[in-house]
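Take a look at the letters that make up each chain.
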Amino acid sequence: MATFFLHFSVFLALYIITRHFLNKIRNFPPSPFPSLPIIGHLYLLKKPIYRTVLSKISSKHGPVILLQLGSRRQLVVSSPSIAEECFTKNDVVFANRPGYLIAKHLAYNTTGLLWAPYGDHWRNLRRIVSIEVLSAYRLQMLSSIRLEEVRSMICVLFRNQNQIVDMKTVFFELTLNIMMRMIAGKRYYGEDVSDVEEAKRFRAIHAETLLLGGKTIIGDYVPWIKSKKMLKRVIECHLKSDSFMQYLIEEQRRKILETDCCGEKKRNLIQVLLSLQENEPGYYTDDIIKGIMLVLLLAGTDTSSATMEWALSLLLNHPRVLEKAQREIDEHIGHDRLMDEGDLAQLPYLRSILNETLRMYPPAPLLIPHESSEECLVGGFRIPRGTMLSVNMWAIQNDPKIWPDPTKFRPERFDNPEGARDGFKLMPFGHGRRSCPGEGLALKVVGLALGSLLQCFKWQKISDKMVDMTEGPGFTSTKAQPLEAI
Ligand code: HEM
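Everything numeric here is computed off the predicted structure, so don't read it as measured data.

### A look at the site of the ligand
Surrounding the ligand, one finds 24 residues, the nearest of these being G300, G430, C436, G438 and A442. Of all elements in the fold, only α12 (286-299), α13 (302-317) and α18 (439-456) reach the threshold of two or more residues within the shell around the ligand. Split into classes, the residues belonging to the shell around the ligand amount to 15 nonpolar, seven polar and two charged.

### Description of the pairing of strand β1 (residues 64-69)
Within β1, five of the six residues are buried, which leaves it mostly tucked inside the rest of the structure. By the bridge criterion, six bridges tie β1 to strand β2 (residues 72-77) in an arrangement that is antiparallel. If you follow Q68 over to β2, its bridge partner there is R73. In sequence, β1 turns back onto β2 through a hairpin of two residues, with G70 there showing a positive phi of about 60 degrees.

### Side note on the packing of α13 against helix α15 (residues 348-360)
Remark: α13 packs on α15, axes separated minimally by 9 Å, with the N-to-C direction vectors making an angle of 105 degrees. What the angle tells us is that α13 and α15 run roughly perpendicular. Residues T307, W310, A311 and L314 of α13 form the contact with α15, whose participating residues are I353, L354, T357 and L358. Considering only residue class, the contact of α13 with α15 consists of six nonpolar, two polar and no charged.

### Quick word on the packing of helix α14 (residues 319-333) against α15
At a minimum axis distance of 8 Å, the contact between α14 and α15 shows a crossing angle of 145 degrees. Facing V321, K324, A325 and E328 of α14, the residues of α15 in contact are Y349, L350 and I353. Looking at the contact of α14 with α15 residue by residue, the classes come out as five nonpolar, no polar and two charged.

Calculation notes
Residues numbered from 1 in each chain as written. Predicted model: local features only at pLDDT ≥ 70, side-chain atom pairs only at ≥ 80, totals over all residues. Near = placed C-beta within 6 Å. Helix = DSSP H or I, 4+ residues; strand = E, 2+ residues; numbered from the N terminus. Nonpolar A, V, L, I, M, F, W, Y, C, P; charged D, E, K, R; others polar. Buried ≥ 20, exposed ≤ 12 C-beta atoms within 10 Å, placed from the backbone. Pairing = 2+ DSSP bridges. Axes fitted to C-alpha atoms, helices over the stretch in contact; angles between N-to-C directions. Parallel < 35°, antiparallel > 145°, perpendicular 65-115°, else oblique. Contact = placed C-beta atoms within 7 Å.

This is the structure in structure tokens:
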């Protein structure tokens, strides 16, 4: 038995070493040693991976590294120039997404915008979402929804003056109400919610979907591990979410039949999509419509509310910045009226605060994984077809060689905001074909909400201690401890 183990160990060591050197001969990017049989480098990944593991590996092996995660190869990039190479010269090659199990089971067999493979279907979805939901024209038309929701948040806070408020919940409810009103014309939080049970059901489904969206399913990397328990949970969640979305569609179908509700300007997203379905029922199936609704609800809520929470936390820890932002608002708007979105262009310091928040705490620290559709060269290395790409935006945006004193919250570094975009060194919304189509909406919502909070209230921490800025483990970077403030 002992001889068997000795032989087996020698064989294993030879296998690992040979594979490592073969990768060098094949001109693949550097890779940490060892990559174990079957699991590869999976043993290295501990959360939050962008900050700990990946940044450490990159500082040892350079800005382009190749990991073997079970059966998948992953390219990790952590320099602006290499990121630029991926999203300009190789943008089409990396415009695919990996076919994760979660995308298959939660996102209608990867037919939703976020996980759809690059091609005609994705292009069409992107066009619909860009024109019907997120175009400048549409955003302008729906600006009253954002204003009303922000004002409603202010009223709720006004009634809670001098009390400790859970701001994580406040921000989350705000963004979800805005998205839901754009999609289905209804809100699920606040005072005039008509169907409390329906709202409760939706909130439970949404929370579970977000939670599962942030999980790693081991079967994605080691296919013969079936991850049955996890998949069962994912499928159950999908069934609940699917029947809820279907219910919303049927409700809008009835409304269209019953009333003449669909004047061009007043139409919500479901009504727009149902009218497209009338002309092209074979393409705009209910599943496609539900996929679009789901992706907007998922991609558009957590990211924006997390940004608001990080921004207010940073301001509470830096009272002088907070006061300076309030002075700017007072000077430009005064005390006779509440701010609106039109004021945002006149508030450069508020915009710098948002930039600095997104630099230090990008909600998608590794962007969303891309996948190469053919072989290409990155940083002079050969990248095989089917390699996943993660750009470590957190590492780039917190690199002391690029950003002096990166751990210091200093909005003044954006006094010249044009310069910040140079060389792909600030890219919280990604770049290129798969970049975030919701950037315009997000900046409006976050800017208006944060500006209004600063205009209307004096803010205090709940104790003398600094607000804890530890990051939680999820897919988007959120605070581990929900922000409470007075
Ligand atoms: C602060 C807020 C937000 C941040 C930081 C953010 C960031 C991002 C990032 C980094 C990506 C992936 C880019 C890549 O893969 O290279 C992305 C994709 C996406 N975002 Fe956002 N996002 C935000 C808000 C929103 C909002 C409000 C919406 C819509 C209502 C939205 C919709 C999407 C969609 C649909 C995609 C997938 C695009 C595709 O694959 O073609 N996001 N976002």
